Amino acid sequence: MTPANSPAPDTPLPTASALASKARDFRLRMAVIDCETDAALDMTRDRHGRTVHADAAAAARAHRDKAALEAYATLLAPHAEALLDAARLALDELPPARHLSGWRAVLDGLASSAAEIRRALDRPAAPGSPAERVQHAALWPHLTAWADHSPIASNLADQRDGQHYRAPLTDEEQQLWTARARAAQTRGALELTESWYAADGQPITLAYLVEDDDSTVVALRGDPGVPGWQVIGHFAHEYEAGKTLPAPVPPGVLRSDISRFNRPAPAPELSLQDLIRDVVEGHSAGDASNALLGAVQRGYAAGPMVRLQELLETSGQFASALETVQGRQIAARLSALGRQIEFLTLEVEEAAEDLGATVAVLPPHRTPVLRTRPRPAVDTTPPAPPRASMTARHR
């Protein structure tokens, strides 16, 4: 692979927005590579998710690693350092906020990954050799770091090139519109439509303020679920609001160690359809009992009911992490539902064990029905079709 060269000294440096666009192109290419790899890996697994063709799976990952490095070399290698420089300059200009230290750590991590990739591009292993596979595999975490986290660098660079926010309302207008919006909220006429965070860490929410069968787009700063939020602008439509209001910053993540490009191998599991089919095709109480026990099985190959409880728990964590009043209320509801699922899981497990202990089979009078009718013998005259009944006509 030919290493990508940095721009010539006399070449005009691209704008910060152009640098951010290069990072977006790389992320799009990585998303395509990820989808293609998932499709290839699916072909190496059985219907329960177990890998049954290890060599083909290894080949798919090697192809993925090589394609990702080529995408980086083409799209990002000449621009990565300039993008990080622009992002750091923008970060230094932002007002203090809780997320800035985390963003600075992300930029430092991206710089470290860029240096590792640059060293490999400058000293590539022999094409097609086992050493090349090892080199590419070692670079995969650094490539995915850019695919996962470069939106922060891109957003910072974009915001530095973009227009600075100017408050569209005077203090008096802000008080008036806030009072109108709070009154509308009290009567259920404030319809929230979209939310994001500004660079200063404050939430911005768009809403329709409905008055006398007419609606106006208003922007709120703060959590609409608690007192203290304010209207910071009103607009004819959402497009105008988007041009005027503080630009959104990348949202956070529920778990900091999660990557869409480095998902763990899926655990084998039985679907509910498979379990239902096992019951329908079963003959003994043990068959139905085993299917029920499969639904409540715990551990690595957990059953659907246990997975449902995990989904509720994780969704509750997400709702709580929103750090809003409504989010905390919904988190409490999901926690209660999770406890109910846990109770039902125990009940199903007990019923399954009792069913298996009956030591019984289905009675023979439940005879199966043939799906196809027997064909008549060759020398047999087929029966005449039934005559249509004639209704007597009365004069």
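Sequence positions are assigned chain by chain, starting from 1 and proceeding in written order. A pLDDT threshold of at least 70 governs which residues receive local features in this predicted model, and a stricter bar of 80 or more applies before side-chain atom pairs are shown or counted, although totals over entire chains, interfaces and linings include all residues. As a rule here, side-chain values come from all non-hydrogen atoms in the structure, and water together with hydrogens is ignored.

**Brief notes about the sheet that holds strand E1 (residues 190-197)**
- Overall, antiparallel pairing links the 4 strands, which are arranged E1-E2-E3-E4 in an open sheet. Edge positions in the open sheet fall to E1 and strand E4 (230-235), since each of these has one partner strand only. Neighbour-to-neighbour, the strand axes of this sheet turn through a mean angle of 25°, independent of strand direction.
- Note: two strands are recorded as paired if DSSP finds a minimum of 2 bridges between them. Put simply, DSSP H or I for four residues or longer makes a helix, DSSP E for two residues or longer makes a strand, and each gets a number counted from the N terminus. Two strands pair when backbone bridges link them, and strand E2 (residues 203-211) and strand E3 (residues 214-221) are joined in this way by 8 bridges, in the antiparallel orientation. Looking at the pairing, Leu-206 lines up with Ala-219 of E3.
- Between two residues, a contact is recorded if the distance between any of their heavy atoms is within 4.5 Å. Axis definition: a line fitted to C-alpha atoms, limited for helices to the stretch in contact. Angles are taken between N-to-C directions and run from 0 to 180 degrees. In the packing of helix H6 (residues 171-186) onto the sheet, the strands contacted are E1, E2, E3 and E4, and the crossing angle to E4 comes to about 95°.

**With respect to the pattern of salt bridges**
- The rule for a salt bridge is simple: a side-chain nitrogen of Lys or Arg has to be within 4 Å of a carboxyl oxygen of Asp or Glu. All told, the structure shown has 17 salt bridges when counted by the stated rule.
- One salt bridge in this structure joins Arg-45 and Asp-42, with 3.1 Å as the shortest N-O distance.
- The residue Arg-277 makes a salt bridge to Asp-274 at a minimum N-O spacing of 3.9 Å. Note that Arg-277 and Asp-274 are positioned in helix H8 (residues 272-281) at a spacing of 3 residues, about one turn of the helix.
- Classification of Asp-274 by relative accessible area gives buried; the value is 13%.
- When salt bridges with common partners are traced through the structure, they connect Glu-269, Arg-307 and Glu-310 into a single cluster. For each residue, the accessible area found with a 1.4 Å probe, counting protein chains only, is set against the maximum for its type, and the residue is called buried under 20%, exposed over 50%, and partly exposed in between.

**A few points about the pairing of E3**
- Summarising burial for E3: 6 of the 8 residues are buried, a large majority.
- What sits between the antiparallel neighbours E2 and E3 is a turn of 2 residues, in which Asp-212 has the positive phi angle 55°.
- Of the pairings in the sheet, the one linking E3 to E4 comprises 5 bridges and is antiparallel in character. Note on E4: the bridge partner recorded for Leu-220 is Val-231.

**Considering a nonpolar patch on the surface**
- Side chains of Leu-254, Phe-318 and Leu-322 sit close together on the surface and give an oily, nonpolar patch of about 270 Å² of accessible area.
- Summarising the element assignment, Leu-254 is placed in the loop between helix H7 (238-244) and H8.
- Taking the relative accessible area as the measure of exposure, Leu-254 reaches 35% and is therefore partly exposed. Two distance rules govern patches: like charges are joined within 9 Å, and nonpolar side chains (Val, Leu, Ile, Met, Phe, Trp, Tyr) within 5 Å, applied only to residues with over 30% relative accessible area and no salt bridge. The Shrake-Rupley method, run with a 1.4 Å probe, gives the accessible areas here. Residue values count only the displayed protein chains as cover.

**What to know about the confidence of the model for the protein**
- Scored by pLDDT, the protein has a mean of 89; 89% of the residues are at 70 or more.
- Per-element confidence in the protein ranges from a low mean pLDDT of 89 for H7 to a high of 97 for helix H11 (residues 325-356).
- Per-residue confidence from the predictor is reported as pLDDT, a score between 0 and 100. Segment residues 390-395 is flagged for pLDDT under 50; beyond a separation of four residues in sequence, or across chains, it makes 0 contacts in the model.

**Focus on the nonpolar core**
- Counting residues in each nonpolar core, the largest one holds 43 residues, and the members touching the most others are Phe-26, Met-30, Tyr-72, Trp-103, Ile-117, Trp-146 and Leu-156.
- Elements represented by at least two residues in this core include exactly helix H1 (16-42), helix H2 (54-75), helix H3 (80-93), helix H4 (100-122) and helix H5 (130-161).
- In terms of residue count, H5 provides more of this core than any other element does, 9 residues in total.
- Non-local contacts of Phe-26, meaning those with residues more than four positions away in its chain, are made with Ala-68, Ala-71, Tyr-72, Leu-75, Leu-76, Leu-143, Trp-146 and Ala-147. The nonpolar core is taken to be a set of buried Ala, Val, Leu, Ile, Met, Phe, Trp, Tyr and Cys residues, with the residues joined through side-chain atoms within 4.5 Å.

**What about a negative patch on the surface?**
- Only four residue types enter the charge count, namely Lys and Arg as positive and Asp and Glu as negative; His and the chain termini do not. Charged groups are reduced to one reference atom each: NZ for lysine, CZ for arginine, CG for aspartic acid, CD for glutamic acid. On the surface, a cluster of negative charge is contributed by Glu-347, Glu-350, Glu-353 and Asp-354.
- In this structure Glu-350 comes out as partly exposed when scored by relative accessible area, which is 45%.

**Description of the packing of aromatic side chains**
- Stacked, edge-to-face and tilted labels apply to pairs of Phe, Tyr and Trp rings (six-membered ring for Trp) whose centres lie within 6.5 Å, assigned for plane angles under 30 degrees, over 60, and everything in between, in that order. A complete count under the given rule lists 2 aromatic pairs for this structure.
- Each ring, one from Phe-26 and one from Tyr-72, has its centre 5.7 Å from the other, and the planes form 85°; the classification is edge-to-face. In this pair, Phe-26 sits in helix H1 while Tyr-72 sits in helix H2, placing the two residues 46 residues apart along the sequence. Accessibility assignment for this pair places Phe-26 and Tyr-72 in one class, buried.
- Their ring planes at 70° and their centres at 6.2 Å tell us that Tyr-72 and Trp-146 sit as a pair that is edge-to-face. With Tyr-72 in helix H2 and Trp-146 in helix H5, this residue pair connects regions lying 74 residues apart in the sequence. Each member of the pair, Tyr-72 as well as Trp-146, is classed as buried.
- An aromatic cluster is present here, built from Phe-26, Tyr-72 and Trp-146 joined pairwise through their rings.
- Over the ring of Trp-229 we find Arg-182, and its NZ or CZ is 5.3 Å from the ring centre.
- Over a ring means this: the NZ of a Lys or the CZ of an Arg is within 6 Å of the ring centre and within 35 degrees of the ring normal. Here the basic side chain of Arg-260 rests over the ring of Phe-261, its NZ or CZ set 5.0 Å away from the ring centre.

**Things to note about the packing of H1 against H2**
- Here H1 crosses H2 at 170°, and the two axes come no closer than 10 Å. Here H1 is positioned roughly antiparallel relative to H2, judged by the angle of their axes. Facing H1, whose interface residues are Lys-22, Asp-25, Phe-26, Arg-29, Met-30, Ile-33, Thr-37, Ala-40 and Leu-41, H2 presents Ala-57, Ala-60, Arg-61, Arg-64, Ala-67, Ala-68, Ala-71, Tyr-72 and Leu-75.
- Within the contact of H1 with H2, the residues separate by chemical class into 12 nonpolar, 1 polar and 5 charged. Working definition: roughly parallel below 35 degrees, roughly antiparallel above 145 degrees, roughly perpendicular at 65 to 115 degrees, and oblique for all remaining angles. Classes in brief: Ala, Val, Leu, Ile, Met, Phe, Trp, Tyr, Cys and Pro nonpolar; Asp, Glu, Lys and Arg charged; the others, Gly included, polar.

**Structural notes on the environment of Thr-205**
- For Thr-205, the position within the fold is in strand E2.
- With 12 residues separating them along the chain, Thr-205 and Thr-193 place their C-alpha atoms 7.4 Å apart.
- Beyond its immediate chain neighbours, meaning those up to four positions away, Thr-205 contacts Leu-192, Glu-194, Ser-195, Val-218, Ala-219, Leu-220, Gly-222 and Pro-224.

**Side note on helix H10 (residues 304-321)**
- Counted at 1.5 Å a residue, the expected span for H10 with its 18 residues is 26 Å, and the 25 Å between its end C-alpha atoms agrees.
- Within the sequence span of H10, burial applies to Pro-304, Met-305, Val-306, Gln-309, Leu-312, Gly-316 and Ala-319.
- On its buried face, H10 is in contact with H8, helix H9 (285-295) and H11.
- Where H10 ends, the next residue or the one after it, Glu-323, has phi of about 60°, a positive value. Every helix has an expected span of 1.5 Å times one less than the residues it contains.

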